[in-house]
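Okay, here's what each chain looks like letter by letter:
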Amino acid sequence: MTDLGDVLVAGTGPAAVQTAVLLARLGRPVGIAGRISERSEAFFTALNGSGVLRVEVQSERHDALRGEGRPAQRFQGYPSVTGAWDTLVLTVTADAYVPVLRQLDHQVLGRISRIVLLSPTLGSSSLVQEYARQQGLDPEVISFSSYLGDTRWPERTPGATALTAGVKHRIYAGSTAGSSATLDTLSDLFESVGITLELCPRPVEAESRNISLYVHPPLFMNPFTLEGVFATAAPGAPPKYVYKLFPEGPITPSLIATMVAMWRELTAIITRLGGTGVNLLAFMLEDSYPVRPESIAPADIAAFERLPTTHQEYLVYVRYASLLIDPFSEPDHDGRYFDFSAIPIRPIHRNAAGAWDVPRMPKEDYYRTKVIQGVARHLGVACPRIDALLAAYEEHLVRARTQHAGDPMSEAFEVRDFADDLELICAGIEGAR
């Protein structure tokens, strides 16, 4: 398994550590590069001290992902990257893909044969491929559906050791080259740690198989959650939860209707891009969290796409209601099951620089959903539910800037159109037709 050649991992987060340690098993040099920031400074200080990247796991079930690796080279600041790298793996967020590529020396970028996108969004492969084309380059671009699981800093601060707490049993990947020796190598590598890598005929198929695209906008861009995110709650105020039913959380029949409608809009976009949509209910239960058949019958799952809209909404509501507790956990002595849905809505906060910032969810979802909206408009696909969700989110951004006028605020509070990325994405879409 050596088809990837020498690999450069871009990013210094926990996912980058796990990815670098995993790729080191291929037996070729693995380097790591990151931007210059306060958080990356802590990462590089720790790495320079030990010289080793290490991954621990929370459960023995995931022991295959435990390990360590010694980076062949490390680069603090993307412009400082030198050498001949065959594969570039981008572990940064999707909105940072082009900024990272722009900072790499043109000679370094020109030697790269393939670029792997670990956590892309819909259109990311078109974005990267078109950017490369405009530089006179033609690397293979591989999109994963998502990162392989849940990896975090064990002490909440960046270091050379990461903790993998959860692992997906299946993820998807597609290449601009179609069938690909690189994909075969990655498939074997993931299989060795117990993860099925399902190969898709094109990157957009993989990019569309991220459950966050379908559920995060309705869950985070509704009045209930937005109030929790952007309001500065009084000390001691009871928490509200993302995945609970109203009034503990935002989930109502109306929210579920929005989710199902957004799924239909996304399916129309994906179809126009030449991809195949997903059975939303099956995707939720098979690629996210299952429920017991007593709650949702297998026949209803199989028939979901053919059912009337009201029946679809009912089944999705039942899915969320059935996961208020972990239905496969063992009850305690009081008969209570694990409180599976107790994920708190996180409010805006002061970041390390002292500026107000928006939590990762919905900050990352804003970029992804704006890109989807832009692609829909380019393709002439109507998406009124997506439009409404984004309008509600942007209204709260404007309101927050007014409320905190005079305070330092991150760029996450700016209403953005991401026009530069969308121009590349749409050019890439047209070029592929």
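Preceding this paragraph is the structure being described.
Everything quoted here is computed from the prediction, not taken from an experiment.

Asks: Sorry, what's going on with the overall build of the chain here?
Replies: Check the secondary structure of the chain and you find 16 helices and 14 strands. The C-alpha atoms of the chain give a radius of gyration of 22 Å, which matches the 22 Å a tight globule of 433 residues would have. In the chain, which comprises 433 residues, the proportion classed as buried is 53%. Counting contacts in the chain only where the partners sit at least 6 residues apart, residues at least 24 apart contribute 72% of the total. With the model as given, the accessible surface of the chain reaches about 19100 Å², and the carbon-plus-sulfur share is 50%.

Asks: In this structure, what is going on with the nonpolar core? I would like to understand it.
Replies: Here is a general trend for soluble globular proteins: nonpolar side chains tend to be buried in one another's company. Leu88, Leu90, Tyr214, Leu219, Phe230, Val316 and Tyr320 are the most contacted members of the largest nonpolar core, which has 99 residues in total. Top element by residues in this core is helix H10 (residues 253-272). It accounts for nine residues. Looking at which domains feed residues into this core, each of domain 1 (7-205) and domain 2 (211-432) supplies at least three. With sequence-adjacent residues up to four places away left out, Val316 is seen in contact with Ile256, Met259, Val260, Leu280, Met284 and Phe304. The next biggest cluster of nonpolar side chains, apart from the first, holds 39 residues, and it includes Leu23, Leu26, Phe43 and Leu148.

Asks: I tried to follow helix H1 (residues 14-23) on my own but got confused; where do I start?
Replies: Residue pairs three or four apart in sequence face the same way in an α-helix, which turns once every 3.6 residues. With 10 of its 10 residues buried, H1 lies for the most part within the structure. Buried residues of H1: Pro14, Ala15, Ala16, Val17, Gln18, Thr19, Ala20, Val21, Leu22 and Leu23, and no others.

Asks: Would you mind showing me how to read the packing of aromatic side chains here?
Replies: Aromatic rings considered in pairs are described by the distance between their centres and by the relative angle of their planes. By the definition in use, this model includes 14 aromatic pairs. Both rings, one in Tyr289 and one in Phe340, keep their centres 4.9 Å apart while their planes meet at 90°; by these two values the pair is edge-to-face. One end of the pair, Tyr289, is in the loop between helix H11 (280-287) and helix H12 (298-303); the other, Phe340, is in the loop between helix H13 (309-322) and strand E13 (349-350), with 51 residues separating them in the sequence. Given the relative accessible area of 44%, Tyr289 is considered partly exposed. Over the ring of Tyr241 we find Lys244; its NZ or CZ atom is 5.6 Å from the centre of that ring. Over the face of the ring belonging to Tyr320 we find Arg319, whose NZ or CZ atom lies 4.8 Å from the ring centre.

Asks: Even after reading the chapter, I still don't get the state of the cysteines, so can you show me in this structure?
Replies: Should the sulfur atoms of two cysteines be covalently bonded, the bond is a disulfide. Scanning all chains against the criterion turns up zero disulfides. Unpaired in this structure, Cys383 has its nearest cysteine sulfur neighbour in Cys426, at a distance of 12 Å. For Cys426, a relative accessible area of 11% gives the class buried.

Asks: Would you mind showing me how to read the sheet that holds strand E12 (residues 196-200) here?
Replies: Hydrogen bonds along the backbone pair up the strands of a sheet, which may run parallel or antiparallel. The eight strands are arranged E5-E2-E1-E6-E7-E8-E11-E12 in an open sheet whose pairing can be described as mixed. Since the sheet does not close on itself, it has two edges, and those belong to strand E5 (74-76) and E12, each with one partner. Going from strand to strand, the sheet's axes swing by 20° on average, the running direction of each strand aside. Sheet contacts for H1: strand E1 (7-10), strand E2 (30-34) and strand E6 (87-90); angle to E1, the most-contacted strand, approximately 170°.

Asks: Would you mind going over the environment of Leu219 with me for this structure?
Replies: Mapped onto the elements of the fold, Leu219 is located in helix H8 (residues 211-220). Each C-alpha atom of the pair Leu219 and Thr258 lies 9.6 Å from the other, and the pair is 39 residues apart in sequence. The residues contacting Leu219, other than those within four sequence positions of it, are Thr225, Val242, Tyr243, Pro250, Ile251, Leu255, Met259 and Tyr320.

Asks: Just to check I follow, could you spell out a negative patch on the surface for this structure?
Replies: The grouping of Asp3, Asp184, Asp188 and Glu191 at the surface amounts to a negative patch. The residue Glu191 is located in helix H6 (residues 181-191) in this model.

Asks: I keep staring at the sheet that holds strand E9 (residues 149-152) and nothing clicks. Help me out?
Replies: Taken together, the four strands give an open sheet; going across it, the order is E4-E3-E10-E9, and neighbouring strands pair in mixed fashion. Looking along the sheet, the strands with just one partner apiece sit at the ends: strand E4 (67-69) and E9. Within this sheet the neighbouring strands show an average axis-to-axis angle of 25°, counted without direction. Direction of pairing for strand E3 (residues 53-57) relative to strand E10 (residues 161-167): parallel, over a ladder of four bridges. Following the sheet pairing, Glu56 is matched in E10 by Leu163. The sheet strands contacting H1 are E3, E4, E9 and E10, and the helix crosses E3 at an angle near 100°.

Asks: Whenever I open this one, unusual backbone geometry confuses me. Can you help?
Replies: Glycine aside, the phi torsion of most residues is negative, and most peptide linkages are trans. Residue Pro247 is reached from Phe246 by a cis peptide bond, and omega for that bond is 10°. Residue Met361 is joined to Pro362 through a cis peptide bond whose omega torsion reads 25°. Along the polypeptide, Pro362 turns up in helix H14 (residues 360-379). The phi torsion at Arg156 lies on the positive side, around 70°, for a residue other than glycine. On the secondary structure map, Arg156 appears in the loop between E9 and E10. Although it is not a glycine, Phe418 sits at a positive phi angle of roughly 50°. Among the structural elements, Phe418 can be located in the loop between helix H15 (384-403) and helix H16 (419-432).

Cut-offs applied
Residues numbered from 1 in each chain as written. Predicted model: local features only at pLDDT ≥ 70, side-chain atom pairs only at ≥ 80, totals over all residues. Heavy atoms only, no water. Helix = DSSP H or I, 4+ residues; strand = E, 2+ residues; numbered from the N terminus. Rg over C-alpha atoms; globule rule 2.2 N^0.38 Å. Buried < 20%, exposed > 50% of the residue type's maximum accessible area, 1.4 Å probe, protein only. Contact = heavy atoms within 4.5 Å. Areas by Shrake-Rupley, 256 points an atom, 1.4 Å probe, with all protein chains shown as cover. Core = buried A, V, L, I, M, F, W, Y, C linked by side-chain atoms within 4.5 Å. Domains from an automatic or database assignment. Phe/Tyr/Trp six-rings, centres within 6.5 Å; stacked < 30°, edge-to-face > 60°. Lys NZ or Arg CZ within 6 Å of the ring centre and 35° of its normal. Disulfide = S-S within 2.5 Å. Pairing = 2+ DSSP bridges. Axes fitted to C-alpha atoms, helices over the stretch in contact; angles between N-to-C directions. Patch = residues over 30% accessible without salt bridge, like charges linked within 9 Å, V, L, I, M, F, W, Y side chains within 5 Å. Salt bridge = Lys/Arg side-chain N within 4 Å of Asp/Glu carboxyl O. Lys, Arg positive; Asp, Glu negative; His and termini not counted. Charge placed at Lys NZ, Arg CZ, Asp CG, Glu CD.

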